[in-house]
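# Examination of the molecular architecture
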Amino acid sequence: MHEYAVLSSDTDLGLQPIGLEPALSIDGDVNSLRFLRGSSLLAGLARLNVADISSFVLDFPEQLDSLLAVPPAATEVTGWWTNLGGTERSSLIAAAPRLVGNLEGIPFRERGRANARYLNESIAGAQQRLVGAVSDDDRTSATHELAVLGQVRTALRQADAGPRRSLILLDSTGGGRAAIALGNPDTADYVGFLVPGMNYTVEAEMVHWTNTANDLYAEQEKVLAERAARGQGEAPASVATVAWIGYEVPDLFSVGGLDKALVGADFLEKSSLGIRSDRRAHQPFITVYAHSYGSTVALTALARGSFDVDALVLVGSPGSQIQSAASLHVTGENVWVGKADWDPAVNSAFFGSDPGAESYGAHPLGVSGATDRITGASLTASLGHNAYFEPGSESLHNMALVGTDNADLVTNGSE
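Bear in mind that the values here come from a model prediction, so they are computed numbers and not experimental data.

Reading the values: the criteria
- Residues numbered from 1 in each chain as written.
- Predicted model: local features only at pLDDT ≥ 70, side-chain atom pairs only at ≥ 80, totals over all residues.
- Heavy atoms only, no water.
- Pairing = 2+ DSSP bridges.
- Helix = DSSP H or I, 4+ residues; strand = E, 2+ residues; numbered from the N terminus.
- Contact = heavy atoms within 4.5 Å.
- Axes fitted to C-alpha atoms, helices over the stretch in contact; angles between N-to-C directions.
- Buried < 20%, exposed > 50% of the residue type's maximum accessible area, 1.4 Å probe, protein only.
- Right-handed = clockwise from strand over helix to strand, strands pointing away.
- 1 Å grid on protein atoms, 1.4 Å probe; cavity = no way out; pocket = protein on both sides within 12 Å on 5 of 7 lines; lining within 4 Å.
- Points joined across faces, edges and corners; volume = space filled by probe spheres on them.
- Nonpolar A, V, L, I, M, F, W, Y, C, P; charged D, E, K, R; others polar.
- Parallel < 35°, antiparallel > 145°, perpendicular 65-115°, else oblique.
- Left-handed = near helix turned anticlockwise from the far one by under 90°.
- Core = buried A, V, L, I, M, F, W, Y, C linked by side-chain atoms within 4.5 Å.
- Polar contact = N/O pair within 3.5 Å; in protein donor to acceptor, adjacent residues only side chain to side chain.

## Side note on the sheet that holds strand E6 (residues 311–315)
Sheet strands associate in pairs through backbone hydrogen bonding, adopting either a parallel or an antiparallel arrangement. Taking strand neighbours across the sheet as the criterion, the 8 strands line up as E1-E2-E4-E3-E5-E6-E7-E8 in an open arrangement whose pairing is mixed. This sheet does not close on itself; its edge strands, each paired only once, are strand E1 (165–171) and strand E8 (363–364). Pairing of strand E3 (residues 190–195) with strand E4 (residues 239–245) involves 5 bridges; the strand directions are parallel. Counted as the bridge partner of Leu194 is Ala243 from E4. Sitting on the sheet, helix H9 (residues 136–155) is in contact with E1 and strand E2 (177–182), with an inclination near 165 degrees to E1. Its contacts with the sheet place helix H12 (residues 293–302) against E3, strand E5 (285–291) and E6, and it is angled at close to 135 degrees to E5.

Written out as structure tokens, the structure reads:
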């Protein structure tokens, strides 16, 4: 199993109580909170009871908008949440579920509880707006929001014998953003983020993308079980995968630009820093799996140097402005690229350098069909742009190997 870096204390991550001094003078005055921002606002909210938090959220929604748009660092949030008592945490989850559910640095179990509540409240609110709509624009807006929220609710339904699903990100504005975790990211040894590309909106694809994350989860569990059965891995090891539609993906009319990739990179950076902060001294092995335009998002984010991951898998990539695997903050340049036959995106280098080019320095990920090196079973080929995650494929199996730190068993299409 992967040897994780161990940090000795909260101080190693810079986890400190935040914004306490300004909040101490509030003494339960809801109106005083409207003058606070960032960490001071968080500290002030934690001093209120459920009724007063609810009043603040209702009367000053723009304050929460601003806080979530420009939140404190994830390490600060973790420090704040860690220093709260059980009653304070429960009050915030009950009265400000949108805030708790979408602040990076709060444990995912509690974010899931908060967002389950926020989802139900959002559906009820959108239904009321639809009933009371007096214009076509109002009706269209409410109908769209209900479609986004309905897709999320459906995606949260646990598959038969599948892992528990929890909503760890929800923003129904605009095109919508959401992320559903399968398994427990708070404790899993291996955590993977699946980043999609063009047309994978929450409204259209949240169910499909979550089921894709479920397929990868199952393949990783299978790999770990087979390795353990042969005495080649420690048991029990655990997995979590995240169906991450955490940015507004491009459509056919906007896919030619990098604007959405830059914004998506910002959000991916925040999500990655959030799990690093949440896990503190017990870091998981983190893999990013990026498809199509999502690979451009991931490459942009991982070149910044503000966070790192243990592995990166790119499939169907149209490239990016990043010049080589050595420019990415991926441990040991553990970067893998899959290119299927009849995929028009690969080799195109549409957005810059092609990560699948030999000169780029990434490892080839076999997707053309092979034999499982653990069991000897046949693995199928992937064809075209959208078949990389098919169960039973060489591509999906190889992804599972990379994500469980078994990259030495990846097939590369040459055998």
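Structure shown, so let's carry the discussion forward.
## Quick notes on the pairing of E6
Within E6, 5 of the 5 residues are buried, which leaves it mostly tucked inside the rest of the structure. Of the two faces of E6, the one carrying Ala311, Val313 and Val315 and the one carrying Leu312 and Leu314 are both buried. In terms of strand pairing, E5 meets E6 through 5 bridges, oriented parallel. Residue Tyr289 lies in a different strand from E6, and its bridge partner there is Val313. This β-α-β element, E5 to H12 to E6, shows right-handed connectivity. Of the pairings in the sheet, the one linking E6 to strand E7 (residues 335–338) comprises 4 bridges and is parallel in character. Its bridge partner being in E7, Val315 is matched across the sheet by Gly338.

## Examining the layout of surface pockets
Space inside the largest pocket adds up to approximately 1,100 Å³. Residues belonging to the lining of the largest pocket are distributed by class as follows: 21 nonpolar, 11 polar and 9 charged. Taken as a whole, the second largest pocket holds about 300 Å³ of empty space. Forming the walls of the second largest pocket are 16 residues, and the residues nearest its centre are Met198, Val255, Ser292, Ala345 and His385. Of the residues assigned to the lining of the second largest pocket, the class counts are 8 nonpolar, 8 polar and no charged.

## Regarding the packing of helix H11 (residues 259–279) against H12
Across the interface, H11 lies against H12 with an axial gap of 8 Å and an inter-helix angle of 60 degrees. In terms of axis orientation, H11 runs oblique to H12. For H11 against H12, the interelement crossing comes out right-handed. Only Tyr293, Thr296, Val297, Ala298, Thr300 and Ala301 of H12 make contact with H11, whose side of the interface consists of Asp259, Lys260, Ala261, Leu262, Gly264, Ala265 and Leu268. When the residues that make up the contact of H11 with H12 are grouped by side-chain class, the tally is 8 nonpolar, 3 polar and 2 charged.

## Things to note about empty space enclosed by the protein
Summed over all chains, the structure comprises 1 cavity of 30 Å³ or more. Here the largest cavity defines a volume of roughly 40 Å³. Lining the largest cavity are Glu104, Phe108, Arg111, Ile168, Leu169, Ala179, Phe193, Trp244 and Ser271. Going through the elements one at a time, helix H8 (108–131) and E1 are the ones with two or more residues in the lining of the largest cavity. A breakdown of the residues in the lining of the largest cavity according to their chemical character gives 6 nonpolar, 1 polar and 2 charged.

## Regarding the nonpolar core
Proteins that are soluble and globular tend to have nonpolar side chains buried together. Among the nonpolar cores identified, the biggest contains 87 residues, and Met206, Leu312, Leu328, Leu365 and Met399 are the most heavily contacted of them. Of all hydrophobic cores here, the second largest spans 27 residues; its members include Leu41, Leu42, Ile93 and Ala114.

## Notes on the environment of Glu104
Mapped onto the elements of the fold, Glu104 is located in the loop between helix H7 (97–101) and H8. Its relative accessible area of 16% is what places Glu104 among the buried residues. When near neighbours in sequence (up to four residues on either side) are disregarded, Glu104 contacts Ala74, Val77, Arg111, Lys270, Ser271 and Gly274. Among the polar contacts listed, one links the side chain of Glu104 to the side chain of Arg111, at a separation of 2.9 Å.

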